[in-house]
Amino acid sequence: MSEERERPLPGEGGCGDAAIYLLGLLEEEHSRAFVEHARTCALCSDDLAALGPAVDSLPAAVPQVSAPTHAKRHVMAVVRSEATQARRASSRRGVQRRWVGLRRLPSRRSTLALAGVGLLAGGVAVGGLSTPFGGGSAGGAARVVSADVALPGASAMLHESRGDTWLTVAKMPEPAAGHVYEVWLKRPGGAPQPTDSLFAPTASGAATVNVPAARGAGEVLVTQEPAGGSRRPTGPVLIVAHLA
Amino acid sequence: MGLVRTGDGDAFEIIYDRHCDAAFSLAYRMCGRRATAEEVLQEAFLALWRTGGRYDRSRGSVRNWILRIVHNHAVDALRRGVVRERRLLHEEGAVERVAGSEDTAEWTLDRERAHEVRGALESLPKEQSRVLELAYFGGFTHIEIASMLQLPAGTVKGRMRLGLAKLRIAMATEEGIGR
């Protein structure tokens, strides 16, 4: 936030700056200084208590607008994906902890212990292989597939939940002028079939796009096409997500 | 929030559903563009998901905490220059949300609250409400505002403090009238 911000006046973050602190106008360094100061200054401490609720009330003055539903889809796709990854990592750490603990067992027990670990590790590995989509969401309904992306730095994930399929992308470059990205479905042995899903990412390269009627498809593809989309791919495949 | 802290996606979804409209409304008011507001909304909620453990109940409600995060992200967007050219605070395209049957009670409370705060803001002297709007909704620093209004920075700071103090009193009065 601070790169383009003008340098504060000397002495900012001192006595009497509760209002600008609460409004978020102080640099982090000066905010910290002010917080430290307010701990021992009755005037500023009182100001914080008195003015804080006024600042917190300001958003209520804004006309209420419904948040777009696709924003939720994007956020929850990332959340589900990260929750799944965290559970996996936690599970792996658990196995490692057990492994380390068992290696410390007295040598007479080691053979049995290692056999047990072998079974345990095997179970985890088989579990991993048998659930290629990552074992579901926190609610057990979502599947997430990491897609192959031919664009440097970009990434894409395919999500399935409750019969819906959608693609999220990150750090995608903007399509060329007069072009959009188009989503295709490819069934085994068939040619790519166009969908209605055309998209352009936001300024940060993010997008969430529906993948309609994906059931039975082997792959979801993305290409860059002239605005309005194409009936057949005219550009190279940029993203491939394997469904089966 | 305790469940969110443990990485519970379902708990996070409940938090999202409960606060996303207020969050989006604030981002939209500040950024003035739907696309930017959507980015701010998404960035803010993902930050919230990743830092859920930092919520401190003693410092206020979950909603206030979320809106502070949204506000910070919107200021970041403004300062990144995403919508730098937008210099007029406006509400173009903002549509009052239509109450859903499932949250009518909550929406009624929101409307009453909005009415109180707008009334309190309107009751402030123009020079005080102006600096508060420029700072809070416009993302301008007090130094930028001072330069814009050709005032000493100390005067701007003073107007902000006075404005907030009066806002607090005006809201307390409105609440009293409402009861």
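Below is a summary of the structure that appears in this document. (Residues numbered from 1 in each chain as written. Chains lettered and ligands numbered in written order. Predicted model: local features only at pLDDT ≥ 70, side-chain atom pairs only at ≥ 80, totals over all residues.)

1. Focus: the packing of helix α3 (residues 34-50) of chain B against helix α4 (residues 62-80) of chain B
Residues and elements named next belong to chain B. Here α3 crosses α4 at 130 degrees, and the two axes come no closer than 9 Å. Relative to α4, the element α3 lies oblique. In the packing of α3 onto α4, the handedness of the crossing is right-handed. Judged by residue contacts, Thr36, Glu39, Val40, Glu43, Ala44, Ala47 and Leu48 of α3 engage Ile66, Ile69, Val70, His73, Ala74 and Ala77 from α4. Taken together, the residues of the contact of α3 with α4 break down into nine nonpolar, two polar and two charged. (Axes fitted to C-alpha atoms, helices over the stretch in contact; angles between N-to-C directions. Helix = DSSP H or I, 4+ residues; strand = E, 2+ residues; numbered from the N terminus. Parallel < 35°, antiparallel > 145°, perpendicular 65-115°, else oblique. Left-handed = near helix turned anticlockwise from the far one by under 90°. Contact = placed C-beta atoms within 7 Å. Nonpolar A, V, L, I, M, F, W, Y, C, P; charged D, E, K, R; others polar.)

2. Examining the sheet that holds strand β1 (residues 143-146) of chain A
Residue and element names in this part refer to chain A. With respect to topology, four strands assemble into an open sheet ordered β1-β3-β4-β7, the strand pairing being antiparallel. Two strands bound the open sheet, and with one partner strand each, they are β1 and β7 (207-210). Here the strands of the sheet are splayed against their neighbours by 20 degrees on average, with no regard to which way each runs. The pairing of strand β3 (residues 155-161) with strand β4 (residues 164-170) spans seven bridges and is classified as antiparallel. Each residue of the ladder has a partner; that of Ser155, found in β4, is Ala170. (Pairing = 2+ DSSP bridges.)

3. Considerations on the interface of chain A and chain B
Opposite the 44 residues of chain A that make contact, chain B presents 59 residues. Within the residue set of the side of chain A that touches chain B, elements represented by two or more residues are α1 (18-22), α3 (42-57) and α4 (69-103) of chain A. Sorting elements by how many residues they give to the side of chain A that touches chain B places α4(A) first, with 10 residues. Grouping the constituent residues of the side of chain A that touches chain B by class yields 29 nonpolar, nine polar and six charged.

4. Thoughts on the sheet that holds strand β9 (residues 237-242) of chain A
Residue and element names in this part refer to chain A. Across the sheet, which stays open at both edges, the five strands sit in the order β2-β9-β8-β5-β6 with antiparallel pairing between neighbours. Both outer strands of the open sheet, β2 (148-149) and β6 (193-199), are each paired with one neighbouring strand and no more. Both strand β5 (residues 179-186) and strand β8 (residues 219-226) contribute to a ladder of eight bridges, which runs antiparallel. Following the sheet pairing, Val180 is matched in β8 by Glu225.

5. Quick look at the packing of helix α2 (residues 9-31) of chain B against α3(B)
Residues and elements named next belong to chain B. Remark: α2 packs on α3, axes separated minimally by 9 Å, with the N-to-C direction vectors making an angle of 140 degrees. In terms of axis orientation, α2 runs oblique to α3. Remark: the crossing between α2 and α3 carries right-handed chirality. The segment α2 lies against α3, with Phe12, Tyr16, Cys20, Ala23, Phe24, Ala27, Tyr28 and Cys31 engaging Arg34, Thr36, Ala37, Val40, Leu41, Ala44, Phe45 and Trp49. When grouped by side-chain class, the residues that make up the contact of α2 with α3 number 14 nonpolar, one polar and one charged.

6. Some remarks on the environment of A:Gly14
Residues and elements named next belong to chain A. Within the element layout of this structure, Gly14 appears in the segment before α1. Assessed through the 13 C-beta atoms surrounding it within 10 Å, Gly14 is described here as partly exposed. Separated by 17 residues in the primary sequence, Gly14 and Ser31 have C-alpha atoms spaced 9.1 Å apart. (Buried ≥ 20, exposed ≤ 12 C-beta atoms within 10 Å, placed from the backbone.)

7. Topic: the pairing of β9(A)
Residues and elements named next belong to chain A. Sheet analysis places β2 next to β9, joined by two bridges and oriented antiparallel. If you follow Val149 over to β9, its bridge partner there is Ile239. In this sheet, β9 lies alongside β8 in antiparallel orientation, the contact comprising five bridges. Its bridge partner being in β9, Val222 is matched across the sheet by Ile239.

8. Here's the deal with the environment of A:Ile20
Residues and elements named next belong to chain A. Positionally, Ile20 belongs in helix α1. Since 25 C-beta atoms lie within 10 Å of it, Ile20 is described here as buried. C-alpha of Ile20 to C-alpha of Ser31: the two residues are 11 residues apart in sequence and 9.4 Å apart in space.

By themselves, these are just geometric observations and shouldn't be taken as functional.
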